[in-house]
Amino acid sequence: MTGFLYALAIIVPAVGLTLSAFFTFKKRMEGKSVKKAMRVNLATFLVLIVMVSVFAFCASAETGAPATDAAAPSTSDVVTTAEATETNTQANGLGLLAAGLVTGLAGIGGGIAVAAGAPAAIAATSEDPKSFGKSLIFVALGESIALYGVVISILILNKV
């Protein structure tokens with residue numbers, strides 16, 4: 001069952017994003033506005049993130065400690081070891097998920113910042129070449145957001 005959940009976690013987002021991109025491209029070729037299609041793409045992406053998270057949590061919960069038989073004798077050491085293994089596995093999974101989210105969201109934020117700042121910097125430099133240094137600083141600030149996300153992600157991965 002775990003393999004099935006991992007397969008769903010890989011296949012469902014790929015198929016969903018491919019279909020969403022196909023329909024956006026189709027709307028664009030028909031000459032229609034892509035604003036609504038882009039909203040649908042964003043909603044699809046958010047739903048897929050939730051689905052992948054659910055599949056990952058289900059798969060990690062299923063790969064935890066094996067169930068013990070009630071008739072079999074068990075000592076407190078075995079139970080403690082099983083609980084520690086399950087807790088450690090879940091902590092590693094959540095740490096990896098957190099690192100991925102931090103890197104992805106910081107990259108998206110940095111991309112938005114650079115997409116807004118770079119054209120403005122180019123326009124300011126074309127009007128007054130002396131403003132190149134100031135413009136470059138604003139573009140670099142947008143890029144630094146993504147670098148902060150990578151640094152935090154590395155810290156999370158070192159902790160796990």
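Residues numbered from 1 in each chain as written. Predicted model: local features only at pLDDT ≥ 70, side-chain atom pairs only at ≥ 80, totals over all residues. Heavy atoms only, no water.

Trainee: I'm lost on the overall build of the protein chain in this one. Help?
Mentor: Along the backbone of the protein chain there are four helices and zero strands. Along the chain direction, N to C, the helices and strands of the protein chain fall in the order α-α-α-α. Going through the 160 residues of the protein chain one by one, you find that 16% of them count as buried. Long-range contacts, defined as pairs at least 24 residues apart, comprise 73% of the intrachain contacts of the protein chain with a sequence gap of at least 6. When the accessible surface of the protein chain is summed, it comes to about 11400 Å², and 73% of that surface belongs to carbon and sulfur atoms. (Helix = DSSP H or I, 4+ residues; strand = E, 2+ residues; numbered from the N terminus. Buried < 20%, exposed > 50% of the residue type's maximum accessible area, 1.4 Å probe, protein only. Contact = heavy atoms within 4.5 Å. Areas by Shrake-Rupley, 256 points an atom, 1.4 Å probe, with all protein chains shown as cover.)

Trainee: Would you mind going over the environment of Ala-121 with me for this structure?
Mentor: Structurally, the position occupied by Ala-121 is in helix H3 (residues 76-127). Residue Ala-121 is classed as buried on the basis of its relative accessible area of 11%. Discounting chain neighbours no more than four positions away, the residues touching Ala-121 are Ser-135 and Val-139.

Trainee: What's the story with a nonpolar patch on the surface in this structure? I'm lost.
Mentor: Taken together, the side chains of Leu-17, Leu-42, Phe-45, Leu-46, Ile-49, Leu-101, Leu-105, Ile-108 and Ile-112 present a nonpolar region at the surface, about 820 Å² in accessible area. Counting only elements with at least two residues in the nonpolar patch, the list comes to helix H2 (35-62) and H3. One can find Phe-45 in helix H2. Judged by relative accessible area, Phe-45 falls into the partly exposed class, the value being 35%. (Patch = residues over 30% accessible without salt bridge, like charges linked within 9 Å, V, L, I, M, F, W, Y side chains within 5 Å. Salt bridge = Lys/Arg side-chain N within 4 Å of Asp/Glu carboxyl O.)

Trainee: How should a positive patch on the surface be read in this particular structure?
Mentor: A surface patch of positive charge is lined by Lys-26, Lys-27, Lys-35, Lys-36 and Arg-39. Elements with a contribution of two residues or more to the positive patch: helix H1 (2-29) and H2. Sorting elements by how many residues they give to the positive patch places H2 first, with three residues. Here Lys-35 is to be found in helix H2. (Lys, Arg positive; Asp, Glu negative; His and termini not counted. Charge placed at Lys NZ, Arg CZ, Asp CG, Glu CD.)

Trainee: Just to check I follow, could you spell out helix H4 (residues 132-159) for this structure?
Mentor: Each full turn of the α-helix corresponds to 3.6 residues, which orients residues three or four apart in the same direction. In this model H4 runs 41 Å from its N-terminal to its C-terminal C-alpha over 28 residues, within 8% of the 40 Å that 1.5 Å per residue would give. Every buried residue belonging to H4 is among Ser-135, Val-139, Gly-142, Ser-144, Gly-149 and Ser-153, and all of these are buried. (Expected span 1.5 Å × (residues − 1).)

Trainee: Please clarify how the environment of Leu-147 should be interpreted in this entry.
Mentor: Residue position: Leu-147 is located in helix H4. A sequence separation of 40 residues divides Leu-147 from Gly-107, and the C-alpha atoms of the two residues are 8.1 Å apart.

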